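Spelled out from the first residue to the last, the chains are:
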Amino acid sequence: EMVVLQPSTKATLPMAVRLLNLMLGNKQWGEAISVFDALLKQGVPMDRYKYTAAITACVRSKDSYLVNVKAHNLFRDMRNKNIVPGVVEYGAIIHACAKEKNLQRAMLLFDQMHDEGVEPDVAIYTSLIKACAHSNEWERALNLFSDLEQMCEIDPQKEPPNLLTYNALITTLINCRQRHKAMLVFEDMVDNQAALTPDRVTYDRLIQGFEVKGEWETILSLMQQMQNDDHNAGVAPTAVTYHRAISACQQRGAWERALDFYNEMVDRDLKLRENTYLALYDACYEANKPDIAAQFYTFLQQSTEDKPLAAKFKDDRFFDDEEEDDDAYNAYDPEPLESEPSLIDVYDQ
């Protein structure tokens with residue numbers, strides 16, 4: 001049930017805590033910010049912990065205003081009240097910069113961290129690497145990754161690059177058309193001492209990169225590896241995975257291999273997208289196989305249900321990364337709020 005603060009209601013600190021807990025626990029990010037703002041207007045004291053919870057709510061939301069504006073305003077207000085941010089607060093606001101694809105702003109905050117003696121953690125480096133993906137800053141991403149590795153060598157207690165970090169770097173390299181460097185990172189990921197296990201995101205990013213150049217042989221190898229991964233108990237290819245493989249075959253004129261991928265999709269009972277039918281049609285038509293092409297054209301007409309094709313296609317060459325945001329941000333989930341101000345000490349540990 002939605003709890004609304006009435007203007008005449010004088011909120012106590014325990015009430016403030018319960019309301020924020022309620023909204024944050026239910027992932028009602030916008031409502032949590034509304035409650036926070038109402039409590040501020042009523043003069044309820046807000047410490048570092050509660051500011052962090054509010055910034056978290058902004059960054060976790062899908063609302064561009066909360067991510068791009070409100071989170072930064074809260075971070076500034078916190079500093080104006082002489083509440084010194086630590087690694088958690090900096091991590092939250094740098095993650096906001098990554099979501100808004102603002103590398104310059106993220107790096108300014110990163111430099112500010114160093115000036116204030118706050119040591120970054122693996123989650124902050126991961127956010128910075130993600131921010132490089134849409135700025136063609138793949139060399140900076142590699143340098144950041146190298147800096148993280150060096151930091152961990154100096155202090156073995158530091159958390160080393162994890163799966164999210166590797167996926168962020170691979171995504172950045174793929175988006176910057178550096179597929180072979182991405183493959184080297186992938187090989188390092190599975191062969192290093194940590195022996196990290198690639199997930200669906202890892203494979204999808206790599207396959208995306210090799211689709212652009214029509215390198216279907218590499219895609220086939222990756223698809224076989226993802227299904228035979230002993231640590232992962234196999235990651236099944238999706239319809240999107242097969243579409244990328246078929247698209248690569250079409251670009252290289254490998255129409256027979258495209259048909260093999262199509263048959264695998266049928267065997268797996270995967271639903272074909274309209275642009276997958278179009279890629280199959282093009283592959284067969286360009287290979288001078290008009291009879292087979294005509295069949296796929298019929299399938300294409302049936303799948304679009306007489307709707308204009310242009311309305312159903314979109315360029316999905318680049319990943320939006322939104323599906324990763326919640327996982328990437330888990331490191332900055334605040335603990336349940338308590339009424340004791342001493343709980344801020346958790347951020348100094």
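Since we're looking at a predicted model, the values are computed, not measured.

Student: Mind laying out the overall build of the protein, listing which residues take part and the relevant values?
Tutor: When helices and strands are counted, the protein shows 17 helices and 0 strands. Residue pairs in contact within the protein that sit at least 24 positions apart in sequence constitute 65% of those at least 6 positions apart.

Student: Can you explain the confidence of the model for the protein? Please cite residues and give values.
Tutor: For the protein, per-residue confidence averages 80 on the pLDDT scale, and 77% of positions sit at 70 or higher. Taken element by element, the protein is modelled with least confidence in helix H17 (residues 322-328), mean pLDDT 45, and with most confidence in helix H7 (residues 122-131), mean pLDDT 95. pLDDT under 50 marks residues 1-11. Its contacts with residues more than four places away, or in other chains, come to 22 contacts.

Student: Quick one: what's the story with helix H9 (residues 163-175), residue by residue and with numbers?
Tutor: Counted at 1.5 Å a residue, the expected span for H9 with its 13 residues is 18 Å, and the 18 Å between its end C-alpha atoms agrees. Where burial is concerned, most of H9 is hidden: 11 out of the 13 residues are buried. The backbone nitrogen of Leu164 lies 3.1 Å from a side-chain oxygen of the residue at the head of H9, namely Asn162. Just downstream of H9, Arg177 is the residue with a positive phi angle, here 65 degrees.

Student: I'd like to hear about the nonpolar core, residue by residue, with values.
Tutor: One finds Ile94 and Phe110 to be the most contacted residues of the largest nonpolar core, which totals 95 residues. Those residues in contact with Ile94, other than ones at most four positions away along the chain, are Ala106, Leu109, Phe110, Met113, Ile124, Ser127 and Leu128.

Student: With reference to specific residues and values, describe the state of the cysteines.
Tutor: Considering all chains together, one arrives at 0 disulfides under this definition. Cys176 carries a free sulfur, and the closest cysteine sulfur to it, the one in Cys132, is 8.0 Å from it.

Student: Any chance you could break down the pattern of salt bridges for me, citing the residues and the numbers?
Tutor: Summed over the entire model, instances satisfying the criterion amount to 12 salt bridges. Where Lys70 meets Asp37, a salt bridge forms, and the shortest distance between an N and an O atom there is 3.1 Å. With Lys70 in helix H4 (residues 64-80) and Asp37 in helix H2 (residues 29-41), the pair connects residues that are 33 residues apart, well separated along the chain. Among the residues examined, Lys70 registers a relative accessible area of 15% and is labelled buried. Asp260 serves as the salt-bridge partner of Arg257, at 3.5 Å between the closest nitrogen and oxygen.

Student: Describe in detail the environment of Phe299, supporting the description with residues and values.
Tutor: Inspection of the secondary structure assignment puts Phe299 in helix H16 (residues 290-304). Relative accessible area serves as the criterion here: at 28%, Phe299 is assigned to the partly exposed category. Distance from Phe299 to Tyr277, taken between C-alpha atoms, is 7.1 Å for residues 22 residues apart in sequence. In this view, Phe299 contacts Tyr262 and Tyr277; residues no more than four positions away in its chain are not counted.

Student: Quick one: what's the story with unusual backbone geometry, residue by residue and with numbers?
Tutor: Of note in this structure, Lys101 is not a glycine but carries a positive phi near 60 degrees. Structurally, Lys101 is set in the loop between helix H5 (87-99) and helix H6 (103-115). Among the residues examined, Lys101 registers a relative accessible area of 39% and is labelled partly exposed. Positioned with a positive phi, Asn288 is a non-glycine residue whose angle comes to about 60 degrees. Position of Asn288 relative to the elements: it lies in the loop between helix H15 (274-286) and H16.

Student: Just give me the short version of the packing of aromatic side chains, but keep the residues and values in it.
Tutor: Applying the stated criterion across every chain yields a total of 11 aromatic pairs. On the numbers, 5.7 Å between centres and 65 degrees between planes, the contact of Phe186 with Tyr203 is edge-to-face. In this pair, Phe186 is assigned in helix H10 (residues 179-191) and Tyr203 in helix H11 (residues 200-212), connecting sequence segments 17 residues apart. Pairing Tyr262 with Phe296 gives two aromatic rings, centres 5.0 Å apart and planes at 90 degrees, and the pair type is edge-to-face. Placement of the pair is Tyr262 in helix H14 (residues 255-267) and Phe296 in helix H16, with a sequence separation of 34 residues. Of the two residues, Tyr262 and Phe296, both sit in the buried class.

Student: Run through H14, naming residues and quoting values.
Tutor: The end-to-end C-alpha separation of H14 is 18 Å, in line with the 18 Å expected for 13 residues at 1.5 Å each. Among the residues making up H14, those that are buried are Trp255, Arg257, Ala258, Leu259, Phe261, Tyr262 and Met265. One or two positions beyond H14, positive phi appears at Asp269, with a value near 60 degrees.

Student: Before we move on, could you go through the packing of H11 against helix H12 (residues 216-227) and cite the residues and values that matter?
Tutor: It is at 9 Å that the axes of H11 and H12 come closest, and there the two elements cross at 170 degrees. Viewed along their axes, H11 and H12 adopt a mutual orientation that is roughly antiparallel. As for how H11 packs across H12, the hand of that crossing is left-handed. Contacts from Tyr203, Leu206, Ile207, Phe210 and Glu211 of H11 reach H12 at Thr218, Ile219, Leu222, Met223, Gln225 and Met226. Looking at the contact of H11 with H12, its residues break down into 8 nonpolar, 2 polar and 1 charged.

Thresholds applied
Residues numbered from 1 in each chain as written. Predicted model: local features only at pLDDT ≥ 70, side-chain atom pairs only at ≥ 80, totals over all residues. Heavy atoms only, no water. Helix = DSSP H or I, 4+ residues; strand = E, 2+ residues; numbered from the N terminus. Contact = heavy atoms within 4.5 Å. pLDDT = per-residue confidence, 0-100. Expected span 1.5 Å × (residues − 1). Buried < 20%, exposed > 50% of the residue type's maximum accessible area, 1.4 Å probe, protein only. Polar contact = N/O pair within 3.5 Å; in protein donor to acceptor, adjacent residues only side chain to side chain. Core = buried A, V, L, I, M, F, W, Y, C linked by side-chain atoms within 4.5 Å. Disulfide = S-S within 2.5 Å. Salt bridge = Lys/Arg side-chain N within 4 Å of Asp/Glu carboxyl O. Phe/Tyr/Trp six-rings, centres within 6.5 Å; stacked < 30°, edge-to-face > 60°. Axes fitted to C-alpha atoms, helices over the stretch in contact; angles between N-to-C directions. Parallel < 35°, antiparallel > 145°, perpendicular 65-115°, else oblique. Left-handed = near helix turned anticlockwise from the far one by under 90°. Nonpolar A, V, L, I, M, F, W, Y, C, P; charged D, E, K, R; others polar.

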